[in-house]
Every structure is written in structure tokens, then in C-alpha cells.
Amino acid sequence: MDRLDRVGRLAAYGAALVMTPYALIKISWVVGSVAGLLPIGDGFDLTGWVVLNTVTIGMAAIGIAVALALVRPWGMRIPGPLVAFVAWVGTGFLVPLLPYAVLDPLLGSSDGASQHHQDSGPAMPGWEAALIQISFVGMGLGLALALPAYLRRRWPEVFAGRVGDDGERSPRPALWAAGIAAVIGVVWVYWALGGTAGVAHPADQEAGGRLLTGVWGLWALVASAATWMLSRRRPARLPRWVPLSLGWLGTGSLFAWSGWRLPITLYVAIAHPADVSLPQNLALAAVLQAAAVAAGAAMLPALVRSRRLPTARDTAKASL
């Protein structure tokens, strides 16, 4: 067992442990709201509040199970595509938000916390908020360290070598998806920098929400660039694991967060709740989020496709 494996195993156990308080807090919210002991969140009725928090409890349980699967022997026996998909979504949710977790306190943009945690309680105590933040950051860091070790054990050929040392290019749809992701990233970064085109309520653009939008936009651009590198095999000789890891996180962020935000955007557009509003034009925001989900899904096969490493015959042909 080398250093990466040891670090990965400790990180996996740590990720499972640190997500437990989040799950327990959410369980207490569901039980307390049903029993009439705790208030429900702004913009929700009792049913919507219970459903939302039940979903997040399930997501936390899946996150804990995934973390354990990355370190326990039974994790190697689970079908590979299932593990890869769940881990891709989980890391897409958590790891890309680590920059936000660092920058938000430094910039004092805590006014966006409610937009980030749209499932937060209406009068959440400080210790609950701290535990939730620790759970997200800890799970993100844990997966960021544990997942590469697991993937290397299970699919070592995917990470081996350098960009351009295989003889195949990715299908054209991946390049189209990379272009769409780049456009989406530019729009989100533009909104994060204070742009108002496509923003229906500029006064509602809070600092924390703009920071989050900027983080999502930058990861969309990272996903696009990584997919282009691997698809076009440029720059040649760059270690393959670099664009592969960045592309994994970027496409996961596009798919997971846009897939989460799209139903909320559609709900606000259709139901028009009196105490919930989004600054962007809802139709444009929904289109971008739907396109982001599709682009993230379309780029993933280009990143994790089986590699055809050069054979002795290929080398002989190349020398002629």
C-alpha cells in the first residue's frame, strides 16, 4: 500500500464520519417540523419542507455509502459504472464548492448562504450552521483524496500515460458539449462580475449568490478546457491525470448542481411563491441549467472512455 492508498483510505473514513452530523440535523428538522416543534423554511409548506429535507437526508446517506465504498473491499465488487456515476455526482456537488467555502468568509458574503443552502432552517443556530458547513467541506475534501486512490486501483489504465499517447480522438458531440459548457461558463462568470443582461432583478444579486455563480462558471470553463485537451490531444505529453481530474470535477459540477437548481428554478417560475425570488430571468436560467446538465453528461464519456494504448505494431508503423 503506497502513500496515495493510505491517504485515500483515511480520507474515505473521514468523509463518512464528517457527513453524519449533517444527516442527523436534517432528520431532526423533519421530525421537529412534523411534530410542530420546529418552524419550516421560508417559501415552503410542510409537505414541501419534509420532501426537500428527506431528499437531502437520502443524499447524505448515499454520500456516506459512497465514501465507505471507496475504502471497503465490497466497494470493488459494486458494478463499476454505478460507482463511477454516483461518485461523479457526489464529487460534482461537493468538491467544486471548496473555493466558495474558503472565499465566502474572507469576502464577508454570508448573505448568500441562504441561496447556497436553500434547505436551511429559518432560524438556524450558529452551531448547526457550523456543523453543516464542516460536513460539506469535510466530505468534499475527503472525496477529493479518496476517489483518485479508488479509481487508480480499479481502472489504472484510464489515468496512465500522457495526453496524446493514445491513437483515438473523442467523438464530435463531446467537442460540441465543451463549446456549450464554455458559453454557459462565460454567462455565469459575467453574472458573477455584476453583469445585468439576462438578470430580471439586479437588486436581488447578493454577494454570496454572485460568488457561487462565479464558482460554477469557472468550473464550467474548466470542464470545457479539460475535455478539449483530451479530445484534441493537446497539449501533448501533459500527464493525462491532470485534465482528467479537472474534467471529472467540472463536468460533475455542471451535471449535479444544474440538475439540482433546475427543478427549483422551474418551481419558482410556475408556482410564483411570494417569498422566494431569483435574480436571473427564469426562462434563461432554466435553459442554461438544462443545457449544463446535458453538456456535463455528454463530456463525461470523452473523459473516462477506455484508452487504446500504443502497441508494438503501432510503434513499428510510426517509425516507418
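As the structure is a prediction and not an experimental result, all values here were calculated from the model.

Visitor: How do you make sense of the overall build of the chain when you look at a structure like this?
Guide: Regarding its fold elements, the chain presents 12 helices and 0 strands. In sequence order, the secondary structure elements of the chain are arranged as α-α-α-α-α-α-α-α-α-α-α-α. Here the chain, with 320 residues, has 44% of them falling under the buried criterion. Look at the contacts in the chain between residues 6 or more apart in sequence, and 82% of them connect residues 24 or more apart.

Visitor: Before we go on, may I ask you to explain the packing of helix α3 (residues 80-94) against helix α10 (residues 241-271) in this structure?
Guide: What describes two packed helices is the angle between their axes and the distance between those same axes. As a packed pair, α3 and α10 sit with axes 7 Å apart at the nearest point and diverge in direction by 80 degrees. Considering their axes alone, α3 and α10 lie roughly perpendicular with respect to each other. Residues A84, F85, A87, W88, V89, T91, G92 and F93 of α3 pack against W248, L249, T251, G252, S253, F255, A256, W257 and W260 of α10. Looking at the contact of α3 with α10 residue by residue, the classes come out as 12 nonpolar, 5 polar and no charged.

Visitor: I would appreciate a short explanation of the confidence of the model for the chain in the present structure.
Guide: Any segment with low pLDDT has predicted coordinates that should not be analysed in fine detail. In the predicted model, the chain carries a mean pLDDT of 82, and the fraction of residues at 70 or more is 84%. Predicted confidence for residues 111-119 stays below pLDDT 50, and this span has 26 contacts to residues more than four positions away or in other chains. Across residues 306-320 the pLDDT falls below 50, and counting only partners more than four positions away or on other chains, this stretch makes 14 contacts in the model.

Visitor: Teacher, can you tell me more about the pattern of salt bridges here?
Guide: Any two side chains of opposite charge can pair, on the condition that their charged atoms come close. Enumeration according to the criterion identifies 1 salt bridge in this entry. The shortest N-O distance in the salt bridge between R153 and D5 comes to 3.2 Å. Taken together, the residues span a long stretch of sequence, with R153 in helix α6 (residues 126-154) and D5 in helix α1 (residues 3-34) at a distance of 148 residues.

Visitor: For this particular structure, what's the right way to read a nonpolar patch on the surface?
Guide: Among the surface-exposed residues, L24, I27 and V31 lie close enough to one another that they form a single nonpolar patch of about 280 Å² accessible area. As for its position among the elements, L24 is in helix α1.

What counts and how
- Residues numbered from 1 in each chain as written.
- Predicted model: local features only at pLDDT ≥ 70, side-chain atom pairs only at ≥ 80, totals over all residues.
- Heavy atoms only, no water.
- Helix = DSSP H or I, 4+ residues; strand = E, 2+ residues; numbered from the N terminus.
- Buried < 20%, exposed > 50% of the residue type's maximum accessible area, 1.4 Å probe, protein only.
- Contact = heavy atoms within 4.5 Å.
- Axes fitted to C-alpha atoms, helices over the stretch in contact; angles between N-to-C directions.
- Parallel < 35°, antiparallel > 145°, perpendicular 65-115°, else oblique.
- Nonpolar A, V, L, I, M, F, W, Y, C, P; charged D, E, K, R; others polar.
- pLDDT = per-residue confidence, 0-100.
- Salt bridge = Lys/Arg side-chain N within 4 Å of Asp/Glu carboxyl O.
- Patch = residues over 30% accessible without salt bridge, like charges linked within 9 Å, V, L, I, M, F, W, Y side chains within 5 Å.
- Areas by Shrake-Rupley, 256 points an atom, 1.4 Å probe, with all protein chains shown as cover.

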